[in-house]
Structure formats: structure tokens, C-alpha cells
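This is what each chain is made of:
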Amino acid sequence: MTHVFARSSVAHPPVASHGEGAYLYDTNGKAYLDGSGGAAVSCLGHSDAHVRAAIHAQLDKLAFAHTGFFTSDPAENLADRLIAHAPEGLDRVYFVSGGSEAVEAALKLARQYYLEIGQPQRARIIARRQSYHGNTLGALATGGNAWRRAQFSPLLMEVSHVAPCYAYRDQGAEETTADYCDRLIAELEAEIAKHGAETILAFVAEPVVGATLGAVPPVANYFKRIREICTRHGILLILDEVMCGMGRTGTLFACTQDGVAPDIVTIAKGLGAGYQPVGAMLCTKTIHDAIANGSGFFQHGHTYIGHPVATAAAGAVLDRLINDKLVDGVTAKGDTLRSLLTEKFKDHPNVGDIRGRGLFLGLELVRDRKTKAPMDPALKIDAQIKKAAFAQGLICYPGGGTIDGKQGNHILLAPPFILTDDQAQELTDKLFRAFSDVGL
Ligand code: PMP
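Reading guide: rules and limits
- Residues numbered from 1 in each chain as written.
- Predicted model: local features only at pLDDT ≥ 70, side-chain atom pairs only at ≥ 80, totals over all residues.
- UniProt positions renumbered as here; feature names shortened; annotations may be inferred.
- Helix = DSSP H or I, 4+ residues; strand = E, 2+ residues; numbered from the N terminus.
- Rg over C-alpha atoms; globule rule 2.2 N^0.38 Å.
- Buried ≥ 20, exposed ≤ 12 C-beta atoms within 10 Å, placed from the backbone.
- Contact = placed C-beta atoms within 7 Å.
- Near = placed C-beta within 6 Å.
- Nonpolar A, V, L, I, M, F, W, Y, C, P; charged D, E, K, R; others polar.
- Core = buried A, V, L, I, M, F, W, Y, C linked by C-beta atoms within 7 Å.
- Pairing = 2+ DSSP bridges.
- Domains from an automatic or database assignment.
- Axes fitted to C-alpha atoms, helices over the stretch in contact; angles between N-to-C directions.
- Left-handed = near helix turned anticlockwise from the far one by under 90°.
- pLDDT = per-residue confidence, 0-100.

By the naming in an unreviewed UniProt entry, the chain goes by Adenosylmethionine-8-amino-7-oxononanoate aminotransferase and is assigned to Tropicibacter naphthalenivorans. Its UniProt record gives the chain a comment under Cofactor (unreviewed entry), which states: "pyridoxal 5'-phosphate". Entered under Sequence similarities (unreviewed entry) in the UniProt record, the comment concerning the chain runs "Belongs to the class-III pyridoxal-phosphate-dependent aminotransferase family."

Digging into the overall build of the chain
Assigned secondary structure in the chain consists of 14 helices and 16 strands. For the chain, the C-alpha radius of gyration of 21 Å lies close to 22 Å, the compact-globule estimate for 440 residues. By principal-axis analysis of the C-alpha atoms, the chain measures approximately 60 × 60 × 45 Å. Among the 440 residues that make up the chain, the fraction classed as buried is 50%. Across the chain, contacts joining residues at least 24 apart in sequence account for 74% of those joining residues at least 6 apart.

What to know about the site of the ligand
Lining the immediate surroundings of the ligand are 15 residues, of which G98, G99, S100, G134 and V242 lie closest. Counting residues per element, the shell around the ligand draws most heavily on helix 4 (residues 99–116), at three residues. Residue composition of the shell around the ligand, by class: seven nonpolar, six polar and two charged.

As for the nonpolar core
In this structure, A110, A280, M281, A313 and V317 are the most contacted members of the largest nonpolar core, which totals 130 residues. In contact with A313, not counting residues within four places along its chain, are V51, A54, I55, G272, Y275, Q276 and V278.

With respect to the sheet that holds strand 1 (residues 16–20)
With mixed pairing, the four strands of this open sheet are ordered in space as 1-2-3-14. The open sheet has two free edges, formed respectively by strand 1 and strand 14 (394–395), since each of these has just one partner strand. Bridge count between strand 1 and strand 2 (residues 23–26): four bridges; the pairing is antiparallel. Its bridge partner being in strand 2, G19 is matched across the sheet by L24.

What to know about the pairing of strand 11 (residues 351–357)
In the case of a regular strand, side chains alternate between the two sheet surfaces. A large share of strand 11 lies buried, amounting to seven of its seven residues. By the bridge criterion, six bridges tie strand 11 to strand 12 (residues 360–368) in an arrangement that is antiparallel. In the sheet register, D353 faces strand 12, and the bridge partner there is E364. Between strand 11 and strand 12, which pair antiparallel and follow one another directly, the connecting turn spans two residues, one of which, G358, has a positive phi of 60°.

Comments concerning the pairing of strand 3 (residues 31–34)
Relative to strand 3, strand 2 runs antiparallel, the two sharing three bridges. Residue pairing for strand 3: L24 is matched across the bridge by Y32. Bridge count between strand 3 and strand 14: two bridges; the pairing is parallel. The residue bridging L33 from the neighbouring strand is L394, located in strand 14.

Looking at the domain arrangement of the chain
The figure often quoted for interface size is the accessible area lost as the parts come together. Parsing the chain into structural domains produces domain 1 (16–47 + 327–437) and domain 2 (52–323). On a C-alpha basis, the centroid separation for the pair domain 1 and domain 2 is 25 Å. If you look at the interface, domain 1 gives 34 residues, while domain 2 gives 32 residues. Contributing elements (two or more residues each) for the side of domain 1 that touches domain 2: helix 1 (37–40), helix 12 (330–345), strand 11, strand 12, strand 15 (397–400) and strand 16 (409–413). Split by residue class, the side of domain 1 that touches domain 2 holds 15 nonpolar, 12 polar and seven charged.

Thoughts on the packing of helix 3 (residues 73–85) against helix 11 (residues 308–323)
Two numbers describe how helix 3 lies on helix 11: the axes approach to 8 Å, and their chain directions differ by 35°. Note that helix 3 runs across helix 11; the crossing there is left-handed. Contact residues: helix 3 offers P74, A75, N77, L78, R81 and H85, while helix 11 offers P308, T311, A312, A314, G315, L318 and I322. Taken together, the residues of the contact of helix 3 with helix 11 break down into eight nonpolar, four polar and one charged.

Quick look at the confidence of the model for the chain
Mean pLDDT over the chain works out to 96, with 98% of the residues at or above the 70 mark. For the chain, per-element mean pLDDT is lowest for helix 6 (residues 146–150), which scores 89, and highest for strand 8 (residues 236–240), which scores 99. Interface predicted TM-score (ipTM) for the complex: 0.99; the corresponding pTM is 0.98.

Okay, here's the thing in C-alpha cells:
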């Protein structure tokens, strides 16, 4: 008997008891290798002594001070350090409690910025199909996941959706990567022209697409072209790094690898690494100053913004990522895991693509490798694999299949940055066994 509102996909979940390094344990003593960090959250694993100590120390000092009255050392220090490592131009940090809140704040900040500078006609968001930006109404409207949106559609603002950058499925057999990129850019330009550039507020995208597509990086120059279009039309570029940020792809901010700096970036998951619920939105000085010198304040807020314990935890996470150089190891660890997966699955008839960046990897499941024909969505093969892997003591994150009928299913992997080679092998072996357990 439980009074906790259960997730529909998990009827009788085991009770999590404790965590140790890359493993979670249930109350029966069963160990689970956390191959996906939950949903790309637990980048340090589950028992990091430094983060725990920082949380205890902060709690002993100050648990909470409302930001309507105070700021706090942990929030100020964390903001300074995030800005020091952020893409050029980002200058202010707004702390929230999670990813959806970060996206919601970004959308409202963008809108208020344009009101402050006298362009009230800018109200339209352009985002991408098969995308996920969170479950609150603004973030849900922004995401292009038809299934998630469907029953709430009367409550959602109108958003334009263009194609995601998903070369495995959408680049034509005869099309060069440059031509494919041109086609995506032309679609965006057409959508802007259709509504009039002066009405567009922001373009929102994940640099490396996580939950909806399964660790899909963009093709070369895609984001540089997007940046150029946004700048030319005065459209704000909002990059959602809630899942792919905080070192997951090998650099603290994923967009660094695409050579672009957004006007606003959102982060969460890896920021608190699961030790505290915390997210953030970073914006440029231009945006901040327009508001500071205009109406004077951002008309937004939540009770727990800048929470001292949450920001102290995130500061300690950053110590581990930057000072202890865990981010520096992500690319090499990702390469190791990717080659183990490639070795094991290279001849598997139902794995069409193994892709990603750093320790953010995805396997796309297909009926036929040659034609890339997706699995029958009714099979929910990703969910079956998740279940079979879980039975064997491996956590991996399923996705896709039901979204717009435009893609296959995938398995997303996002293990902790402390992953050893032996654990990478264990992950690969258990995943392979899970495939055979479901008949693949
Ligand atoms: N943006 C992206 C890219 C995400 O992956 C997620 C969560 N999966 C969110 C936003 C929403 O974050 P949260 O669940 O913390 O609200």
C-alpha cells in the first residue's frame, strides 16, 4: 500500500534504499548499475562525500533565507563560478528548482526583455518537433512532443515547430550533410518569414537532444547558422542544456563544442547531480541590463529560488566537476563506453545507430538496419528493454517510438562521470543481455 502518486509506467517499483558510487540498491539488497543517471541527473554517482559534506555544513549554518529579503553566499559563489565557465556574454544567473522552471523562466525573461526595449509584438516562440523542454505549461507548449502535448493542448500557447536536426533519420540518402543543414535552415527561415521576423521572440533547442531522440548531436555548423539567423533577425537564442549540460557531453556547457553562445541557457539535472533539486537560467548582460534599467525587476519568482542548501550542493558538484577535473575525463570515458557498445552491438540487426557525445549516448532500435524501418510503436520495445535491463540490475532510459510516428525507439545512456572501465563493460554486457531477453 502506498500513498505516493505512482508513475503510470511503473506499477510496483522497488523501494530504493541507498546509493554507493555508480550503483543504487533496493531494500532487498539488489544492486542496480545506474547507466543513465536516472534521466541524466546523477553525474557524480550516488554517495559523493564532498557534496554530502557541503550540504551538511550549509544546513548547520543556514537552511533558507527568502530571496525577497536576502541573497546568500552559496548562491552568489555558484553564480560567479558558473559565469566564469559559461559561453561568452552570459553574465547573470537566475536559480530555480529544476529544468521546467528554468525553461519557464527563460521564456518569460525573453518576453519581458522585448517589452522593456519597446518591441511588444515579439511573442512567438519557435522550437523543434520531437523535442522536450519540460512539463509546466509554457515548457510543454514549447516542446514538440505531440503525445505529451495532446491532452493539454487547449491550455498551451501557440508555438511554431520546425524539424529537429536528426541526421540518422532525416538526412536524405543522396543529400550531403551541408545540403541537409541548408534544408533545415531554409525551413526555419521560411517559418520566420511566414510570421514576420519582428513577431518572433526566441528560438529554443537542445544542443544535443536527450529524452525525445536519444542523444542526437547536431550536424556541423547547424548551430552556427542558427545563431547567425537569430542575431540577424533579433530573435533570442535559448539553448536548453537541462539534460546535456554540466559536463555530460565533455564540456561544462554543451554548446561550447558547437562554437556558439546563446542569449539564454538553461541547466538543471547535473547541476545538483541529484543531491538537491536545483536548476538555473543564465542570460546575457544585455538582457539583464535592459530589465534592470527599465522596470527594474524581472517579474517572475518562486519561493525556493537561490535556495542556500541547493546552491551549496551545486557549488560542491562544481568543485568535483571542475577542480577534481571529472569533466575532463568525460570524453575519454565516453569513447571507451562507445567502443564497447559498438563492438558488442555492431552486428546487431536491431541497432541502427549508436550516437552521442561524451557520456551521453543513444542506441536507436530498428526493425531493419538497412531500411532504418522503425520498430512497431505498439511493441514499446524501449520500455521492454528498460524492464529487462532493470531485472538484471541495470538502469537505462527508454524513449521514442510514439512520437509523431517519425522516429524509432531508443535507449539513452548517461552514466556517472566516475564510471570505471569494468562498469562500462558491465553496462554493455547487461544491456546486450536485456536485448536478448526481449527477443532481439
Ligand atoms: N528540458 C530538457 C531538455 C529536459 O530533458 C528536461 C527533463 N527531462 C526538462 C527540460 C525538464 O526538467 P525537469 O524534469 O527538471 O522539470
